[in-house]
Amino acid sequence: MKWVVLVSFVFCLCSCSNAKEENKSLTPILIDYVDNMPYLMHEKDIDSTFEIIVSGSINRFQLGDTSSYSIKNKFNIVNENIKGFMCCHNTYKYDSLGLLVKRNLFTDYSELFVYERQRKGDTIFESRVSNVSWSIYYTYVIQNERLISRVGQLGKGAFPEDLDFYDVTHFEYNEDNLLVKKIRTRKNHPSGEFQFKKNVLRYNWNNGVLKLVEDKMYAEEDAKDPLYTITTDFDSIGFPSHKTIQYKKDTLCQLSIQRSKQKSVFSPY
């Protein structure tokens, strides 16, 4: 009987160790979250944030208005509220590693996205399934534990087979293995939100801490100049502190990103 208990105990230890190792093997994906506000609130234990216009205007928001705010609670959930017509309440749920496992979007209807991942060698497979009958399956390529690229493919059955869908992201690093550039190109997104979108993001670091991200968005394939440019400054802990939004060459507004301690226990799950 003692031998049975001992063998069972050893098996349990090995299983837990393998599960933990497999979970950690997904960490290269986290580089894709490095400038994502809800993730940073979760990762850096920030309770709440407020984006306040300090210069210019955008949509219906003027100087001094709060354009959005987010609240984190003890359930590994961040609730994001974006003010505006028909917009928006987003809920992000993370696992213990910090990977997004659920995202709920509330506009005029509720749309729930569920994420699942599995790693095989230097490839990570991720499924993003929506409750409104569409899904995207992503393949991440890893080299030396660095995320190199991500390619998306639509799930079968939800759309015509000849749909020209495209979703590809490339990642570039400096000699210190810090992300310096990310290029994402998308065509014919299943939500119908856009037909073409290209984002070119550049990352600046100081002693391993992210200091600035410049995101240029192009709305046409042959466009030489970006339609929008969003520049985000980060504070001493690598958390967003200031944002500037440009339309073509005109500055629309500047926002101050303020954070405070305001606990919440609300959970939609």
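Here the structure is a predicted model, which is why all the values come from computation and not from measurement. (Residues numbered from 1 in each chain as written. Predicted model: local features only at pLDDT ≥ 70, side-chain atom pairs only at ≥ 80, totals over all residues. Heavy atoms only, no water.)

Q: I keep staring at the pattern of salt bridges and nothing clicks. Help me out?
A: Between side chains of opposite charge, a pair can form as their charged atoms come close. Enumeration according to the criterion identifies twelve salt bridges in this entry. The closest approach of N and O atoms between lysine 44 and glutamate 43, which form a salt bridge, is 3.6 Å. Here glutamate 221 ties to lysine 187 by a salt bridge, and the two come within 3.4 Å at their closest N and O atoms. One end of the pair, glutamate 221, is in the loop between β13 (209-218) and β14 (228-234); the other, lysine 187, is in strand β11 (residues 179-187), with 34 residues separating them in the sequence. (Salt bridge = Lys/Arg side-chain N within 4 Å of Asp/Glu carboxyl O. Helix = DSSP H or I, 4+ residues; strand = E, 2+ residues; numbered from the N terminus.)

Q: I keep staring at the nonpolar core and nothing clicks. Help me out?
A: Buried together is how nonpolar side chains tend to be arranged in soluble globular proteins. In this structure, Tyr33, Tyr140, Leu147, Leu179 and Tyr203 are the most contacted members of the largest nonpolar core, which totals 38 residues. Excluding residues that lie within four positions of it along the chain, leucine 147 makes contacts with Pro28, Ile29, Ile31, Asp32, Tyr140, Val141, Ile142, Phe171 and Tyr173. Formed by five residues, the second largest nonpolar core is a distinct cluster that contains Ile53, Phe61, Ile245 and Leu255. (Core = buried A, V, L, I, M, F, W, Y, C linked by side-chain atoms within 4.5 Å. Buried < 20%, exposed > 50% of the residue type's maximum accessible area, 1.4 Å probe, protein only. Contact = heavy atoms within 4.5 Å.)

Q: Help me understand the pairing of strand β8 (residues 135-143) in this model?
A: Within a regular strand, side chains alternate between the sheet's two faces. For strand β7 (residues 123-130) and β8, the ladder comprises seven bridges, and the chain directions are antiparallel. Paired with serine 127 across the bridge in β8 is tyrosine 137. Joining the antiparallel neighbours β7 and β8 is a turn of four residues, in which serine 133 adopts a positive phi near 65 degrees. Of the pairings in the sheet, the one linking β8 to strand β9 (residues 146-154) comprises eight bridges and is antiparallel in character. Directly across from tyrosine 138, in β9, lies its bridge partner glycine 152. Linking β8 back to β9 in an antiparallel pair, the connection comprises two residues, with asparagine 144 at a positive phi of about 50 degrees. (Pairing = 2+ DSSP bridges.)

Q: Is there a simple way to explain the packing of aromatic side chains in this structure?
A: Here a ring pair, both rings aromatic, is described through the centre-centre distance and the interplanar angle of the planes. All told, the structure shown has five aromatic pairs when counted by the stated rule. Taking the centre distance of 5.6 Å and the plane angle of 65 degrees together, the rings of phenylalanine 113 and tryptophan 134 count as edge-to-face. Of this pair, phenylalanine 113 sits in strand β6 (residues 110-120) while tryptophan 134 sits in the loop between β7 and β8, and the two are 21 residues apart along the sequence. Classification of phenylalanine 113 as buried rests on a relative accessible area of 3%. Aromatic ring contacts, followed pair by pair, group Tyr33, Tyr39 and Tyr94 into a single cluster. Across the ring face of phenylalanine 113, the terminal group of arginine 128 is positioned such that the distance to the ring centre comes to 4.6 Å. (Phe/Tyr/Trp six-rings, centres within 6.5 Å; stacked < 30°, edge-to-face > 60°. Lys NZ or Arg CZ within 6 Å of the ring centre and 35° of its normal.)

Geometric descriptors of this kind do not, in isolation, establish any biological role.
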